[in-house]
Amino acid sequence: MAMAMRLPAIAIAATEMASAPVGLRRLFCSNASKFSFLSPQANAETPARPQAEPSTNLFVSGLSKRTTSEGLRTAFAQFGEVADAKVVTDRVSGYSKGFGFVRYTTLEDSAKGIAGMDGKFLDGWVIFAEYARPREPYRPQNNMPPPPYGNRY
DNA sequence: AGTGAGCGG
């Protein structure tokens with residue numbers, strides 16, 4: 001069950017999935033420090049990506065590339081009022097990048113959305129729902145590439 | 001543009 005994360009859902013035993021939401025990925029990362037003898041520099045070096053604070057906006061990954069924004073909205077709307085749902089697509093090809101965002105109208109609903117959808121199946125794939133990090137500001141003024149993370153004002 | 005981690009234009 002080590003490689004059960006990004007496999008097609010059909011390949012995953014249902015019994016293993018019942019209790020395996022986002023927690024798994026996080027546990028593998030955060031618990032790495034407990035096995036520092038396996039990776040000596042993991043302790044202080046690996047910040048283990050801090051989880052974003054609660055938000056009405058969710059980052060949803062692990063999506064089937066056939067899942068549309070509409071399908072995303074429909075699925076998450078079972079657990080709250082969805083203000084916006086969008087599958088991120090490649091600008092030129094139009095194909096899904098396999099992740100997206102779901103914005104609920106309230107924090108309560110977004111919490112219920114995570115509880116209801118994280119680790120669940122959508123279009124045959126186990127998806128992950130978590131609070132989105134604050135979105136990067138959009139600056140259409142010039143063609144400059146966006147600044148690196150942590151270097152914004 | 002090989003199914004796969006990721007935080008959008």
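Rules used in this analysis
- Residues numbered from 1 in each chain as written.
- Chains lettered and ligands numbered in written order.
- Predicted model: local features only at pLDDT ≥ 70, side-chain atom pairs only at ≥ 80, totals over all residues.
- Heavy atoms only, no water.
- Helix = DSSP H or I, 4+ residues; strand = E, 2+ residues; numbered from the N terminus.
- Buried < 20%, exposed > 50% of the residue type's maximum accessible area, 1.4 Å probe, protein only.
- Contact = heavy atoms within 4.5 Å.
- Areas by Shrake-Rupley, 256 points an atom, 1.4 Å probe, with all protein chains shown as cover.
- pLDDT = per-residue confidence, 0-100.

1. Here's the deal with the overall build of chain A
Here is step 1: Check the secondary structure of chain A and you find five helices and six strands.
Here is step 2: When the helices and strands of chain A are placed in sequence order, the string is α-α-α-β-α-β-β-α-β-β-β.
Here is step 3: Residues counted as buried form 31% of the 153 residues belonging to chain A.
Here is step 4: Long-range contacts, defined here as pairs at least 24 residues apart, represent 62% of the contacts in chain A between residues at least 6 apart.
Here is step 5: Counting every atom, chain A has about 10,600 Å² of accessible surface; 58% of that belongs to carbon and sulfur.

2. A look at the confidence of the model for chain A
Here is step 1: Across chain A, the average pLDDT comes to 74, with 58% of residues at or above 70.
Here is step 2: This model gives residues 1–21 a pLDDT under 50, and the stretch forms 25 contacts once residues within four places in sequence are excluded.
Here is step 3: Predicted confidence for residues 145–153 stays below pLDDT 50, and this span has seven contacts to residues more than four positions away or in other chains.

3. Brief notes about the environment of valine 60
Here is step 1: Within the secondary structure layout, valine 60 lies in strand E1 (residues 57–61).
Here is step 2: For the pair valine 60 and lysine 86, spaced 26 residues apart in sequence, the C-alpha separation works out to 9.6 Å.
Here is step 3: Once residues within four sequence positions are removed from consideration, valine 60 is found in contact with Leu72, Phe76, Gly98, Phe99, Gly100, Val102, Ile127, Phe128 and Ala129.

4. Section: unusual backbone geometry
Here is step 1: Here aspartate 123, not a glycine, exhibits a phi torsion of approximately 55°, which is positive.
Here is step 2: One can find aspartate 123 in the loop between strand E4 (121–122) and strand E5 (125–126).
Here is step 3: By relative accessible area, aspartate 123 is classed as partly exposed at 46%.

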